[in-house]
Amino acid sequence: MENFKKIIGRKKKEKILYSIFMIGFFICLFIPLVICILCTVIAGIIAYIFGRITNISTFNTVEAQDLLFIAQNTSLKVKDLLFAGILISSLGAIMDTTMLITSSILK
């Protein structure tokens, strides 16, 4: 009977350790994920607002003629390229920053 209690006790300890590990893994994964999504949405909103205020578009760039030529033969939306570039670059910066801060806080 004592051996049975030891086995059950070990199982409980393993379950507790597994739970602590999974909660820590969840926090290390979930917090940066939520922060990345929120910050990218905020960056997109800010880029859209400033794009509207300042009338900046992809047509103001040097390669606008080349892009318009390509857009005639494809379904490329030239108007949205600048906005997409801003979102992609902000996502890269946000991911680096959130992972760095989250890993340093949790250690």
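In this text the structure is predicted, and so the values were computed from the model without any measurement.

Reading guide: rules and limits
Residues numbered from 1 in each chain as written. Predicted model: local features only at pLDDT ≥ 70, side-chain atom pairs only at ≥ 80, totals over all residues. Heavy atoms only, no water. Helix = DSSP H or I, 4+ residues; strand = E, 2+ residues; numbered from the N terminus. Buried < 20%, exposed > 50% of the residue type's maximum accessible area, 1.4 Å probe, protein only. Contact = heavy atoms within 4.5 Å. Areas by Shrake-Rupley, 256 points an atom, 1.4 Å probe, with all protein chains shown as cover. Expected span 1.5 Å × (residues − 1).

Caption draft 1: Inspection of the overall build of the chain at higher detail. Looking only at helices and strands, the chain has 3 helices and 0 strands in total. From first element to last, N terminus to C terminus, the chain shows the α and β order α-α-α. The burial tally for the chain puts 15% of its 107 residues in the buried class. The contacts in the chain between residues at least 6 apart in sequence include a share of 64% that link residues at least 24 apart. Per element, the accessible surface of the chain, about 9,000 Å² overall, is 72% carbon and sulfur.

Caption draft 2: How the structure looks around helix 3 (residues 81-106). When the terminal C-alpha atoms of helix 3 are compared, their 37 Å separation across 26 residues agrees well with the 38 Å that a helix rising 1.5 Å per residue should span. Residues S90, I94, T98 and T102 constitute the buried set of helix 3.

Caption draft 3: Main features of the environment of I42. Tracing the sequence through the fold places I42 in helix 1 (residues 2-54). Here I42 falls in the partly exposed class, since its relative accessible area comes to 47%. When the C-alpha positions of I42 and L87 are compared, they lie 9.9 Å apart, and in sequence the two are 45 residues distant.

Caption draft 4: Examining the environment of A93 more closely. As for its position among the elements, A93 is in helix 3. Residue classification places A93 among the partly exposed residues on the basis of a relative accessible area of 44%. A C-alpha to C-alpha distance of 9.5 Å links A93 and C36, two positions 57 residues apart in sequence.

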